[in-house]
Amino acid sequence: QVQLVESGGGLVRPGGSLRLSCAASGFRISMHDMSWYRQAPGKGRELVATISPTGSTATYVDSVKGRFTIFRDNTMNTIFLQMDSLKPEDTAVYYCYVVGSTTWGQGTQVTVSS
């Protein structure tokens, strides 16, 4: 069964950090571009970052450049999103996604608030 399970979300103060994980099962992520998306309350789902199969290339939405880092460990079959200097506007449910597929995780809530 193909599955993605996100973890690592929570409540953090502005300026803080979180690291999200997305563990895949039922397939090997090493063959796929992988992405993180987010969806804030009342808004559509937004692409945050994408990483190539080997991790050599990563792209980011402008609003997170310099603060977020996407990376992967193919031996662990897991991708990560390191989020630093968090802002209240980063509050959202974060999802991982296999690019070009219909495979999504269930999401993990990130709340940035003082």
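Relevant structure appears above.
Bear in mind the structure is a predicted one, so any value in this text is a computation, not a measurement. (Residues numbered from 1 in each chain as written. Predicted model: local features only at pLDDT ≥ 70, side-chain atom pairs only at ≥ 80, totals over all residues. Heavy atoms only, no water.)

## Here's the deal with the sheet that holds strand S10 (residues 108–112)
For step 1, the next point in the chain: Overall, mixed pairing links the six strands, which are arranged S2-S10-S9-S4-S5-S6 in an open sheet. Edge strands, defined here as strands with exactly one partner in the open sheet, are strand S2 (10–12) and strand S6 (58–60). On average, each strand axis in the sheet is inclined to that of its neighbour by 25°, with strand direction left out of account. (Pairing = 2+ DSSP bridges. Helix = DSSP H or I, 4+ residues; strand = E, 2+ residues; numbered from the N terminus. Axes fitted to C-alpha atoms, helices over the stretch in contact; angles between N-to-C directions.)

## So, the pairing of strand S3 (residues 18–25)
Side-chain positions along a regular strand alternate between the two faces of the sheet.
For step 1, the next point in the chain: Two elements, strand S1 (residues 3–7) and S3, share five bridges in a ladder whose sense is antiparallel. Across the sheet, residue Ser7 finds its bridge partner in S3, namely Ser21.
For step 2, the next point in the chain: Here S3 runs beside strand S8 (residues 78–83); their pairing, made up of six bridges, is antiparallel. By the bridge assignment, Leu18 is partnered in S8 with Met83.

## Side note on the side chain of Thr103
For step 1, the next point in the chain: For Thr103, the position within the fold is in the loop between strand S9 (92–98) and S10.
For step 2, the next point in the chain: Judged by relative accessible area, which is 18%, Thr103 ranks as buried.
For step 3, the next point in the chain: Contact partners of Thr103, with chain neighbours within four places excluded, come to Val2, Leu4, Cys96, Tyr97 and Val98. (Buried < 20%, exposed > 50% of the residue type's maximum accessible area, 1.4 Å probe, protein only. Contact = heavy atoms within 4.5 Å.)

The analysis is restricted to geometry; functional conclusions fall outside its scope.
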